[in-house]
Every structure is written in C-alpha cells, then in structure tokens.
Amino acid sequence: MKQVVLASRPAGAAGLEHFRLEEVAIPTPADGEVLVRITHMSLDPYMRGRMDDAKSYATPVAVGATMEAGAVGEVIASNAPGFAPGDTAFGMLGWATHGCLPATHLRKLDPSIPATTALGVMGMPGFTGWYGLTEIGKPKAGETLVVAAATGPVGSMVGQLAKLRGLRVVGIAGGADKCKQAVETFGFDACVDHRAYDTARDLRKAIAAEAPDGVDIYFENVGGKVLEATLPLMNTFGRIPLCGMIAWYEGAETSATDQLPRVWRNVLVNRLCINGFIISDHFDRFPDFLKEVAPHVADGSITYLEDVAEGLENAPETFLRMLKGGNKGKQIVKIS
Ligand code: NDP
C-alpha cells in the first residue's frame, strides 16, 4: 500500500518538500479491527495546523507519520462484528490507499448515498457549518449574514441554511467564477470577490453595498483582509461564530498599525458575541445535523460541489493549491 507522510515541518508556507510518498505492507486487521481500501480521501484546511508543532486543540502529526485525513472506502477484511467485506465505511484513515482501524472508529455508510458526501456536505465540514450557524450564529429571519470561502463545504452549507431560514446572505469568495457559483448554484443573494480589492477599506465598501442594513452574523472562516473589512459593519448584538482563519494558517501578514484597541472597542460598543468553536467537541450533535440536512440534500434544496483530484501521489500538490483557494467546492482525492 502507499501512504503520504509528513517529511518535515514547514517554517512558514508549506511546500511539496514537506511530504513524502512511501510504500509499506498492507496491515492485517487484529481482533476488533477492519481493513479498508480507500476510494476517496478528504483534504481540509485543518491539516495545515497538524503539520506544525505549536500548541493547539489537537496533537500534531509526528514527522515520519501518515498525514491525517477522513476517508471513505470499501471494507476488504474484517475481524469485527458489524463490518463485512463489501461494506462502505468512513473513518480517519489517513492519506493512504488502505487503512486499518478498530471497528468502533468507523461509521458504516448507506450504499444508496454517494460515499463522497460523507467527506463534505454530510460530513465534518457540513456539520461545522450547521453547528456554527445554528448554535452560535442563532439566525433570525430578516437578518443579514456574511460568510467567506462561500463556495467551500463550510461556507456553502452556512449560506444555504441561512437562506432557508430567511436571512439575507452575502458571500465572499475569490474570483468572479466562484462569486457566480455562490449566487447561481448556492442561491446567495450576493457575493463579493475579495481578490478584486487591494485594501480592506475598499472591500468593506463593496460588502456594505450588499449589506445595506449592516451585518448581524459574520461567520468567520478566513480572518485576514475579510475580517478587517467586515468587523466594522457589525450591528449591535451581532454574532461571530469563529470557525477558521485560513488567511493566517501559513503565518500572518500583519498590518503595520496595531489594530487591537480598535477591534476590541468595536466588540465592546456593539456588544458582539464572538465564540470560537472546534467541531470535534460537538459530535454528539451529529445525528441532529443529519436529521435536518439529509432530507434537504436528498430533495436538492441544499446542494454541493465536489472538486475531485486523481491519485494519492497528487494529494500534496492538491492540498497546497486548496490552501490558496484553487479548489472549486469540497476538495477530495480519488485514490486510484
Ligand atoms: P474550503 O474548501 O472553502 O477551502 C478553503 C478556502 O479558503 C479557499 O478555497 C479560499 O476560498 C479561502 N481562502 C484561502 N485563503 C484565503 C484568504 N487569504 N482570504 C480569504 N479567503 C481565503 O474550506 P472549508 O470549507 O473546508 O473550511 C473553511 C474554514 O473553516 C477554514 O478556515 C477551516 O479551517 C475552517 N474549519 C473549521 C472547523 C472547526 O472545527 N472550527 C472545522 C472545519 C473547517 P476563496 O477562493 O473563495 O477565497
């Protein structure tokens, strides 16, 4: 079998030299374990954090260890009740062609639903959007929501759910094509191209024009210029589910002036509620998410886009491209 390991830790931006493709023996499942041939693996922004050894909510991937990933595939050997060869399963199987896990760490998937949806719209990213919006955003009909990375699996879930709940939804995305997709595919009311504006001030004007009543919920996916542009547009008692800050995952482009006093004053004066969350703390709510969202996915009232790259050997390049916005929808790698 093949696997991609972390070859070394990046200091700053990650590059291809930080990954290594290895060939190792296929494991034999021990008692209680299941062996899966991976068909599709997920690439997610959080994996960049696992490459660093800074203190975080999760243990970093060790140098020389397999990169972490959620993946789906076919059970080819089982030493555990409940799983049989031919079953389709999801688990944290890693950047690899095969994975062996205790059955308790695997979820059997309904074969009538495309397995890749367990990596995106009906998996961790979709759940993240649902949890952050409903539990922290507390959306109310008539309010205005802004979300960046609007066509990705988190942002598109947030925007579509908010539309279903009667909000005005303004997306922010990189490039005209993605903005068109946010409006035409995902039904956003408007979408602003953050790459079209050099300064936060100009971007702010563009967002303000699409949010004439101000912003009640800023679903924070990216940080950087988008955060700087949006924060001053928040209405009193606004909510900010702090989900991600991908603009700063490779190290911060810090502004020359210290903006902290201005930011803090904005939070105070507007009585904002900012709540960081890590979705792995909330998996007890996963059944509630599926109960609400699965029928919408089935009837098409929530839709999704998948960007499927080919071949495990192309995973590092595809991952680095995604961090810079090169993906069009949920980034998946098909394992040949
Ligand atoms: P996406 O598939 O949307 O991919 C990331 C996107 O981020 C890119 O496509 C790009 O979109 C955007 N982006 C990259 N750099 C910048 C930048 N400098 N400024 C603005 N946008 C940028 O990712 P996901 O939907 O999987 O994740 C979205 C966010 O949610 C991430 O920050 C991720 O870490 C976070 N997350 C947090 C979780 C939690 O538990 N808190 C769980 C899951 C995800 P574009 O080209 O449109 O700008």
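All values derive from a computational prediction rather than experimental measurement. (Residues numbered from 1 in each chain as written. Predicted model: local features only at pLDDT ≥ 70, side-chain atom pairs only at ≥ 80, totals over all residues.)

The next point concerns the overall build of the protein. Of the regular secondary structure elements, the protein holds nine helices and 15 strands. The C-alpha radius of gyration computed for the protein amounts to 20 Å, which stays within 12% of the reference 20 Å derived for 336 residues, consistent with globular compactness. For the protein, the C-alpha atoms occupy an extent of roughly 60 × 45 × 35 Å along the three principal directions. Here the protein holds 336 residues, and the buried ones make up 42% of them. Taking as baseline every contact in the protein between residues at least 6 positions apart, the subset at least 24 positions apart corresponds to 65%. (Helix = DSSP H or I, 4+ residues; strand = E, 2+ residues; numbered from the N terminus. Rg over C-alpha atoms; globule rule 2.2 N^0.38 Å. Buried ≥ 20, exposed ≤ 12 C-beta atoms within 10 Å, placed from the backbone. Contact = placed C-beta atoms within 7 Å.)

Read from one edge to the other, the open sheet built from six strands follows the order 10-9-8-11-12-13, with strand pairing classed as parallel. Two strands close off the open sheet at either side, each with one partner strand: strand 10 (190–193) and strand 13 (273–276). Adjacent strand axes in the sheet meet at a mean angle of 15° when their direction is disregarded. Against the sheet, helix 4 (residues 176–184) engages strand 9 (168–173) and strand 10, with an angle of about 165° to strand 10. (Pairing = 2+ DSSP bridges. Axes fitted to C-alpha atoms, helices over the stretch in contact; angles between N-to-C directions.)

All right, on to the site of the ligand then. Around the ligand, the surrounding shell holds 31 residues, and the nearest of these are G152, G174, G244, A247 and G325. Elements supplying a minimum of two residues to the shell around the ligand: helix 2 (124–137), helix 3 (153–164) and helix 6 (224–230). Tallying contributions element by element places helix 3 first for the shell around the ligand, with three residues. When the residues that make up the shell around the ligand are grouped by side-chain class, the tally is 17 nonpolar, twelve polar and two charged. (Near = placed C-beta within 6 Å. Nonpolar A, V, L, I, M, F, W, Y, C, P; charged D, E, K, R; others polar.)

The domain architecture assigned to the protein consists of domain 1 (2–120 + 305–334) and domain 2 (124–279). Distance between the C-alpha centres of domain 1 and domain 2: 29 Å. Across the contact, 16 residues belong to domain 1 and 13 residues belong to domain 2. Here the residues of the side of domain 1 that touches domain 2 sort into six nonpolar, six polar and four charged. (Domains from an automatic or database assignment.)

This brings us to the pairing of strand 5 (residues 88–91). In the sheet, strand 4 (residues 71–78) pairs with strand 5 via four bridges, with the strands oriented antiparallel. Its bridge partner lying in strand 5, G73 is registered against A89. Relative to strand 7 (residues 107–108), strand 5 is paired through two bridges, and the arrangement is antiparallel. Bridge assignment links F90 to a residue of strand 7, and that residue is R107.

The subject of this paragraph is the packing of helix 2 against helix 3. The description of two helices packed together rests on the angle between their axes and the distance between the axes. Where helix 2 meets helix 3, the axes come as close as 8 Å, and the angle between the chain directions of the two elements is 45°. With respect to each other, helix 2 and helix 3 are oriented oblique. The hand of the helix 2/helix 3 crossing is right-handed. When helix 2 is examined against helix 3, the residues P125, G126, T128, G129, W130, G132 and L133 are found in contact with a partner set consisting of P153, V154, M157, V158, L161 and A162. (Parallel < 35°, antiparallel > 145°, perpendicular 65-115°, else oblique. Left-handed = near helix turned anticlockwise from the far one by under 90°.)

On to the pairing of strand 14 (residues 306–310). Examined bridge by bridge, strand 14 and strand 15 (residues 330–334) share five bridges and lie parallel to one another. Each residue of the ladder has a partner; that of V308, found in strand 15, is I332.

Turning our attention to the nonpolar core. Counting residues in each nonpolar core, the largest one holds 87 residues, and the members touching the most others are V146 and A150. When residues of this core are sorted by domain, at least three fall in each of domain 1 (2–120 + 305–334) and domain 2 (124–279). The contact partners of A150, leaving out residues within four places of it in the chain, are G155, S156, G159, G171, I172, A173, A182, F188 and C191. (Core = buried A, V, L, I, M, F, W, Y, C linked by C-beta atoms within 7 Å.)

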